[in-house]
Amino acid sequence: MTSTLPSRRNFLALTGLAALSVSLTAACGAGGTGGKPAADGKVALEWWNIATTEPGKSLFPQISSAFTSAHPNIAIRTTSLENEAFKSKLTATTSSGKLPDVFQTWGGGVLRQQVDAGLVEDLTDALDWSSDLTPVSLQAYQFDGRTYGVPYDIGMVGFWYNKKLFARAGITTPPATWAEFLEDVRKLKAAGITPIALAGKEKWPGHFYWAYLAMRVAGLPALQQAATNKDFTGAGFVQAGTHLKELVDLQPFQTAFLGAGYATPGGQAATMGNGKAAMELMGQWGPSVQKDAGADLGADLGFFPFPSVDGGAGRATDVFGGGGGFALRKGAPKEALDFLKFFVLDNEPKLLASNGYLPVVKGAESRLTDANKKAVADSLVRATGFQLYLDQAYPPAVGQEVNDSVADLIAGRKTPEQVTTSITEAAKSA
């Protein structure tokens with residue numbers, strides 16, 4: 001999902017690169033960081049992921065070990081990095097024209113530029129099991145009718161809240177409108193409770209607010225049209241920033257939030273998990289990271305969708321989010337796709353049982369047992385529209401500017417108008 005993205009210059013340099021090697025059906029590829037025979041004659045796959053918190057931190061190595069045990073001719077070399085560190089490393093690796101055999105992706109504009117640079121394998125013809133996956137989970141990885149990635153998780157961003165703290169502030173039901181949301185923030189502050197936990201240092205969590213407000217005020221079609229026209233200066237987008245400033249002016253975030261990370265000690269997830277804030281706006285993975293970084297709120301944890309905005313053109317049932325997936329470098333060995341099939345299809349029950357992921361396999365949602373995960377899944381089922389994270393949906397330079405400008409708005413360094421102007425300038429020059 002989220003923030004340090006490849007620069008425009010890096011990708012422009014890459015667009016002149018030729019395809020790095022032979023097709024997926026070849027036994028081994030050339031030009032990548034892995035896929036070469038190990039010293040013992042095994043095929044060595046290089047796998048980069050972001051599983052640095054539970055449940056992935058424990059589950060991903062288990063899946064990898066189970067695969068190599070069943071396929072003794074394959075060795076998997078794993079690199080697990082925190083979100084931002086992963087993106088920085090992948091950017092540097094991409095700039096050199098080399099990618100790991102299997103790497104984390106959120107799809108969208110970032111993946112599209114890697115595809116356009118000839119660095120990513122087209123999986124369409126080899127993915128004969130794609131019909132087992134839900135169409136919405138595949139959307140972010142498909143361009144011009146071709147598929148370039150395999151999802152293992154899909155979900156949406158919404159508010160995770162502490163029921164006990166809401167009750168202490170006299171809030172009986174979650175807010176349905178932005179006006180009600182702001183009023184609840186005031187009630188929480190009056191009760192001496194920090195309303196919202198935010199990882200201001202990492203920027204990507206803050207962009208969730210502006211993106212959702214843009215969807216609610218201007219509407220999803222307007223957001224999509226702005227990306228096509230490369231113009232985000234419309235009144236609806238300025239109003240989205242104005243509404244976000246209304247929230248910021250209430251000083252709803254924890255002390256020193258501008259220097260806080262997301263999954264770090266004392267960061268956003270820990271603040272929420274430890275009961276020191278009443279809400280966080282986060283994706284389906286939120287509860288797992290809360291538990292890993294802080295504590296498990298258990299029955300005190302609830303979920304509600306982002307509120308509607310009175311007078312806005314957007315629908316309250318339009319959702320914003322995405323999921324995690326994996327792509328293969330151009331010329332990755334065929335064993336890499338075998339690993340992805342094993343990871344997604346054979347281990348879907350384990351992924352769901354961990355309560356850290358939502359299903360991408362058709363019909364698997366019936367196996368969800370966690371009430372909050374069911375609430376997220378139900379919202380997805382009822383969704384009338386879906387928008388991928390803006391810092392992934394748009395070209396990297398544009399997504400980065402969204403994150404940077406919204407962070408500046410939250411920090412009081414930019415006005416709502418300046419935010420839209422900066423994003424538009426980035427879009428026109430991308």
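Everything below is about the structure shown above.
Residues numbered from 1 in each chain as written. Predicted model: local features only at pLDDT ≥ 70, side-chain atom pairs only at ≥ 80, totals over all residues. Heavy atoms only, no water.

Student: Any chance you could explain the nonpolar core here in plain terms?
Tutor: It is characteristic of soluble globular proteins that their nonpolar side chains tend to be buried jointly. The biggest cluster of nonpolar side chains holds 126 residues, and the ones touching the most others in it are Phe-60, Trp-210, Leu-244, Leu-247, Met-279 and Phe-343. Residue contributions to this core peak at 10 residues, all from helix H8 (residues 204-217). Residue contacts for Phe-343: discarding those within four places in its chain leaves Trp-47, Phe-60, Ile-63, Tyr-152, Phe-326, Glu-348 and Leu-351. (Core = buried A, V, L, I, M, F, W, Y, C linked by side-chain atoms within 4.5 Å. Buried < 20%, exposed > 50% of the residue type's maximum accessible area, 1.4 Å probe, protein only. Helix = DSSP H or I, 4+ residues; strand = E, 2+ residues; numbered from the N terminus. Contact = heavy atoms within 4.5 Å.)

Student: Would you explain the pattern of salt bridges in this entry?
Tutor: Proximity of charged atoms lets side chains of opposite charge pair with each other. Evaluated as defined, the whole model comprises 13 salt bridges. One salt bridge in this structure joins Arg-186 and Glu-183, with 3.4 Å as the shortest N-O distance. Linking Arg-186 with Glu-183, this pair stays in helix H7 (residues 178-190), spanning three residues, or about one helical turn. Here Glu-183 falls in the partly exposed class, since its relative accessible area comes to 37%. In this structure, Arg-315 and Asp-318 form a salt bridge, with 3.4 Å as the shortest nitrogen-oxygen distance. When its relative accessible area of 2% is taken as the criterion, Asp-318 is described as buried. One salt-bridge network, held together by shared partners, links Arg-112, Asp-116 and Asp-144. (Salt bridge = Lys/Arg side-chain N within 4 Å of Asp/Glu carboxyl O.)

Student: Sorry if this is basic, but what is going on with the packing of H8 against helix H17 (residues 396-410) here?
Tutor: Between two packed helices, what matters for the description is the angle formed by their axes and the separation of those axes. Close contact between H8 and H17 brings their axes to 8 Å; oriented N to C, the two are set at 85°. With respect to H17, the axis of H8 lies roughly perpendicular. Of H17, the residues touching H8 (which contributes Trp-204, Gly-206, His-207 and Trp-210) are Val-402, Asn-403, Val-406 and Ile-410. Of the residues contributing to the contact of H8 with H17, the split by class is five nonpolar, three polar and no charged. (Axes fitted to C-alpha atoms, helices over the stretch in contact; angles between N-to-C directions. Parallel < 35°, antiparallel > 145°, perpendicular 65-115°, else oblique. Nonpolar A, V, L, I, M, F, W, Y, C, P; charged D, E, K, R; others polar.)

Student: Could you clarify how one ought to interpret helix H9 (residues 220-229) in this entry?
Tutor: An α-helix turns once every 3.6 residues. As a result, residues three or four positions apart point the same way. Residues of H9 that are buried include every one of Leu-220, Leu-223 and Ala-226, and no others. One face of H9 carries all of its buried residues, which in axial projection span an arc of 125°. Seen from the buried face of H9, the exposed residues on the opposite side, beyond 90 degrees, are Pro-221 and Thr-228. Those residues of H9 that are buried are in contact with H8, helix H10 (235-249), strand S11 (318-322), strand S13 (385-388) and helix H16 (390-393). Of the residues one or two after H9, Lys-230 is the one with positive phi, at around 60°. (Arc of directions from axis to C-beta.)

Student: So what exactly am I meant to see when it comes to the sheet that holds strand S9 (residues 279-282) here?
Tutor: Picture the strands of a sheet paired through backbone hydrogen bonds; they go either parallel or antiparallel. The three strands are arranged S9-S8-S10 in an open sheet whose pairing can be described as antiparallel. A single partner strand is all that each edge strand has here, and the edge strands are S9 and strand S10 (301-304). Averaged over neighbouring strand pairs, the angle between their axes works out to 25° when direction is ignored. Sheet analysis places strand S8 (residues 158-162) next to S9, joined by four bridges and oriented antiparallel. In the strand pairing of S9, Phe-159 is matched with Leu-281. Set on the sheet, helix H15 (residues 371-382) makes contact with S8 and S10; between it and S10 the angle comes to about 5°. (Pairing = 2+ DSSP bridges.)

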